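# Survey of secondary and tertiary structure
Each chain is listed here by its residues.
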Amino acid sequence: MNDMTPKSSAPVVDLRSDTVTQPTPAMRAAMLAAPLGDDVFGDDPSVNALQARIADITGKEAALFMPTGTQSNLCALMSHCQRGDEYIVGQLAHTYRYEAGGAAVLGSIQPQPLTQGASGEMQLADIAAAIKPDDIHFARTRLLCLENTWNGHPMTLAYLAQATALARERGLATHLDGARFFNAAVATPEAGASAHAAARHIASYFDSVSVCFSKGLGAPVGSALCGSRDLISRALRWRKMLGGGMRQSGMLAAAASHALDHHVERLAQDHALAQRLAAGLAGIDGLSVRSAQTNIVFVDVADGRGPALLAHLALHGVLATGLIGLRFVTHLNVDEAGIDHALACTHEFFETQAGAVSPATAAGSAVY
Ligand SMILES: *Cc1c(COP(=O)(O)O)cnc(C)c1O
């Protein structure tokens, strides 16, 4: 047998994304036990309970359960903006760059993307300058959209306060793409004593917040849009139009509720694992850690060896993404042993002559 082929029974350390988590046995039990109705009729008790819960946590009047964060953000944009309006958004923000242009295609909303700094912030002066005057030549600037965390970076409360205050002064609504909202809450201790208190504090700056349950929180599916009753009633119609009216979705909502009960405070463990990984990688020649915030570690690999490193790691059951810059994401299905295995494999790659796996080193390495 060839030791270079990962054994199919070997545990995989999957650091591609925090979306890859499997529901825990307790989460699956909660899903099975969930009382169900038909959510398009509005009578699924598990969906209604989740919506009330997340609205309460974010301090909003109402919330709407969605299949994906993409749909939740799109419903938000379409509920804030009319055809011919525009929204201000980061050049590298998910809603602008990674959601297939939905705001423009389906919402007839013009994006006004702005350059972001290394931590994702748009300069306040740039935001101010991008807001168009009331003139028939221009689209109506209606909304400022921020993302927190952005590439793992939590934004400071001072920035959130200033950017949203500027938007409000100029008559703009504000939306937060909070796919990793609770990672931000856990990583912003000055926002509140508990993660839930911090979450409410961060949400308080925004008219609407979209939260993903399917990332670090570990649910299989789902996001929620939180906002005023009025906004959510408009979003309900858009969600139906976009094909997101689900039926016995209480099974999915129960997983999300379970995650809110059990998987929020524990995000701190994912952040600690990311720090462990970053600290171990920082000592390796040929690599530099570009950023390691919350649960995401970005690494630059010298001499174009990123793809070879990725392939070497994959051979040993460690999965990551990227090319020149690699991305490692921690989550609830990763532990210290997995991180240490990833570090050992990375060391091994850089210690072997050409970075290729020699049969001797492969045979000598444990397959985790
Ligand atoms: C993952 C993600 C979303 C939503 O993605 P879906 O796969 O549609 O759930 C939105 N914004 C950010 C920043 C994300 O990381």
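Residue positions are given per chain, counted from 1 along the sequence in the order it is written. The model is predicted, so local features are restricted to residues of pLDDT at least 70 and side-chain atom pairs to those at 80 or more, both for listing and for counting; the totals for chains, interfaces and linings are taken over all residues. Note that water and hydrogens are dropped before the side-chain values are worked out from all heavy atoms of the structure.

The strand order across the open sheet built from seven strands is S2-S8-S7-S6-S5-S3-S4, with neighbouring strands paired in mixed fashion. At either margin of the open sheet sits one strand with a lone partner, and together these are strand S2 (62–66) and strand S4 (110–114). Neighbouring strand axes in the sheet, compared pairwise and without regard to direction, differ in orientation by 20 degrees on average. Any two strands between which DSSP finds at least two bridges are classified as paired. The helix count covers DSSP runs of H or I at least four residues long, the strand count covers runs of E at least two residues long, and both are numbered beginning at the N terminus. Pairing geometry for strand S3 (residues 85–90) and S4, over five bridges, is parallel. Within S4, the residue paired with isoleucine 88 across the bridge is glutamine 112. Seen against the sheet, helix H10 (residues 229–241) touches S2, strand S7 (208–212) and strand S8 (223–227) and runs at an angle of roughly 20 degrees to S2. The angle between two axes is taken between their N-to-C directions and runs from 0 to 180 degrees, where each axis is a line fitted to C-alpha atoms and a helix contributes only its stretch in contact. Here, two residues are considered to be in contact whenever any of their heavy atoms come within 4.5 Å of each other.

This part takes up the pattern of salt bridges. For this analysis, a salt bridge means a side-chain nitrogen from Lys or Arg found within 4 Å of a carboxyl oxygen belonging to Asp or Glu. One pass over the structure, following the stated rule, counts 14 salt bridges. The partner of arginine 276 in a salt bridge is aspartate 340, and the shortest N-O contact between them spans 2.8 Å. On the criterion of sequence distance, the pair formed by arginine 276 in helix H12 (residues 267–282) and aspartate 340 in helix H14 (residues 336–351) is long-range, its members being 64 residues apart. Several salt bridges converge on common partners, so that one network encompasses Arg276, Glu336 and Asp340.

This part is about the packing of helix H13 (residues 306–315) against H14. Closest axis-to-axis distance for the H13/H14 pair is 10 Å, and the angle between their directions is 130 degrees. By the angle class used here, H13 and H14 are oblique. The two elements H13 and H14 meet at a crossing, and its hand is right-handed. Taking contact as the criterion, the partners of Ala308, Leu309, His312 and Leu313 in H13 are, on H14, Ala342, Cys345, Thr346, Glu348, Phe349 and Phe350. Tallied by class, residues from the contact of H13 with H14 come to seven nonpolar, two polar and one charged. If an angle is under 35 degrees, it is roughly parallel; if it is over 145, roughly antiparallel; if it lies from 65 to 115, roughly perpendicular; otherwise it is oblique. Crossings are classed by handedness, with left-handed meaning an anticlockwise turn of the near helix from the far one by less than a right angle and right-handed meaning a clockwise turn. The residue classification treats Ala, Val, Leu, Ile, Met, Phe, Trp, Tyr, Cys and Pro as nonpolar and Asp, Glu, Lys and Arg as charged. All others, Gly included, are polar.

So far we have only geometry, and geometry alone does not tell us how the molecule works.
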